[in-house]
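# Secondary and tertiary structure notes
The chain contents come next:
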Amino acid sequence: MVDENRLLNRPIDPRTRWPELSQAERDAAYDNNAAVKNSTALIAERNEASSRLRGTLKSHLDLRYGQRANNKIDLYPAARPEAPCLVFLHGGYWQRNSRELFAMLVEGIAAHGWSVAIPGYSLAPEVSLTDIVAEVPRALDWLAANGASYGVAGPVVLSGWSAGAHLVAMALDHPSVHAGLAISGVYDLAPIRDTGLNNALKLTDEEIARLSPLRLPVTQKRLDIAYGSNELPALVCDSINFHEKRAAAGAPGKLIQVEGADHFTILEAMRRPDGVLVDAARRLLD
């Protein structure tokens, strides 16, 4: 693991020659599944582990925080209600996956006496990215108002992976959030519009300007930004660029490179009690 005090090897960003790239090359720049050759097996193992753990951990499941079908939250309370709570937002390019598939992450930080909350959110194309971004503060509002009745009343660290990391950056200013940990995120939406991902998202110019963390004023809360050394260059560069933008504005937070990790194996660092990202999340309360 390295932080901002060490010079990182920035990969060649394919977006520097974006106009010259074919449609297939643009799609490949963001295709994590194709870039990780065993991604199908990794995803299947993650989903199986989550299904098994979700049914055995102490929990309050499927609690509704909003009116849409996916507006539900799963709570995994610690022994102490005042324990810190990791709120985790799943990934899937805002159009795939669900909260149930990430229960396997609970054990990592729960081993240190933390609670965990995993909200679901609506997906494109059923709703717009504007709608999705607006749902996260609603989930946080619900947790602040109702969490204590389920044994979750401690300080909140907001974390997320992939699309979830983007949602972390967008919701960092929520009053209940103490600090954030964004993992393997996308922080500039403009190139996404030029890929097949936009078939579902249908991003507008206004959304790109209003929902791209790299195009917005910096939130002056601590945000650690993590990525795997073996991730796609576009995602690595977004992480580095976002950290540099925040650092230039004096915002606190580390840049964390997880050595040897790709877009999927990086979750092991949040899944193991001794994982570097579990340690990073815990240090956000220092």
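The preceding data block contains the structure.
The structure reproduced in this document is the subject of the present report. All values derive from a computational prediction rather than experimental measurement. All residue numbers refer to position in the chain's written sequence, counted from 1. Only residues with pLDDT of at least 70 are given local features in this predicted model, and only at 80 or more are side-chain atom pairs given and counted; all residues enter the totals for whole chains, interfaces and linings. Only hydrogens and water are removed before side-chain values are computed, so all heavy atoms of the structure are retained for them.

A word on the pairing of strand β4 (residues 115-119). Successive side chains on a regular strand alternate, one facing one side of the sheet and the next facing the other. Relative accessibility thresholds used throughout: buried, under 20% of the residue-type maximum; exposed, over 50%; partly exposed, between the two (1.4 Å probe, protein chains only). Strands here mean DSSP runs of E at least two residues long; helices mean DSSP runs of H or I at least four residues long; both are numbered from the N terminus. Most of β4 sits out of view: 5 of its 5 residues are buried. We call two strands paired when DSSP finds no fewer than two bridges between them. Bridge analysis of strand β2 (residues 72-76) against β4 gives 4 bridges, and the strand direction is antiparallel. Across the sheet, residue Tyr76 finds its bridge partner in β4, namely Val116. Both strand β3 (residues 85-89) and β4 contribute to a ladder of 3 bridges, which runs parallel. Following the sheet pairing, Val87 is matched in β4 by Ala117.

Before going further, it helps to examine the environment of Arg54. Relative to the assigned elements, Arg54 resides in helix α3 (residues 39-54). Residues Arg54 and Pro137 lie 83 residues apart in sequence; the distance between their C-alpha atoms is 24 Å. Whether two residues touch is decided by their heavy atoms; if any such pair falls within 4.5 Å, the residues are in contact. When sequence neighbours within four positions are dropped, the list of residues in contact with Arg54 reads Ser59, Leu61, Asp62, Asp74, Tyr76, Arg99, Glu100 and Ala103. Separated by 2.9 Å, the side chains of Arg54 and Asp74 make a polar contact. Any N or O atom pair separated by 3.5 Å or less is treated as a polar contact, with the protein-specific requirement of one donor-capable and one acceptor-capable atom, and with residues adjacent in sequence counted only for side-chain atom pairs.

Structurally, Arg99 can be placed in the loop between β3 and α4 (106-110). Arg99 sits in the buried class, given a relative accessible area of 6%. Discounting chain neighbours no more than four positions away, the residues touching Arg99 are Arg54, Asp62, Lys72, Ile73, Asp74, His90, Ile118, Pro119 and Gly120.

Bringing the nonpolar core into the picture now. Counting 59 residues, the largest nonpolar core has Tyr30, Trp94 and Leu143 as its most contacted members. What makes a nonpolar core is a set of buried Ala, Val, Leu, Ile, Met, Phe, Trp, Tyr and Cys residues whose side-chain atoms join them at distances within 4.5 Å. Counting residues in each nonpolar core, the second largest holds 35 residues, with Ile183, Ala261, Leu277 and Leu284 among its members.

Reading across the sheet, the 8 strands line up as β1-β2-β4-β3-β5-β6-β7-β8 and stay open at both edges, with mixed pairing between neighbours. Bordering the open sheet on either side are β1 (60-64) and β8 (255-258), each of which pairs with just one other strand. Averaged over all pairs of adjacent strands, the angle between their axes in this sheet comes to 20 degrees, without regard to strand direction. One ladder, built from 4 bridges, connects strand β6 (residues 177-183) with strand β7 (residues 223-228); its direction is parallel. In the sheet register, Ala182 faces β7, and the bridge partner there is Ile225. Helix-sheet contacts for helix α9 (residues 233-248) involve β7 and β8, and the interaxial angle to β7 is about 160 degrees. Simply put, an axis is a line fit to the C-alpha atoms, just over the touching stretch for a helix, and the angle between two N-to-C directions goes from 0 to 180 degrees.

Further remarks concern the pattern of salt bridges. A pair is scored as a salt bridge if a Lys or Arg side-chain nitrogen falls within 4 Å of a carboxyl oxygen belonging to Asp or Glu. In the structure shown here, the tally under the stated rule is 21 salt bridges. With a closest N to O distance of 2.9 Å, Asp74 and Arg54 form a salt bridge. With Asp74 in strand β2 and Arg54 in helix α3, this pair connects stretches of sequence that are 20 residues apart. Under the relative-accessibility criterion, Asp74 is labelled buried at 0%. By relative accessible area, which is 15% here, Arg54 ends up buried. Salt-bridge contacts for Asp131 lead to Arg68; the nearest nitrogen and oxygen are separated by 3.9 Å.

For a helix, the expected span equals 1.5 Å multiplied by the number of residues minus one. The end-to-end C-alpha distance of α9 is 22 Å, a good match for the 22 Å that 16 residues give at a rise of 1.5 Å each. Tucked inside the fold, the buried residues of α9 contact α2 (32-35), α6 (163-171), β7 and β8. Trailing α9 by a residue or two, Gly250 shows a phi angle of about 80 degrees, which is positive.

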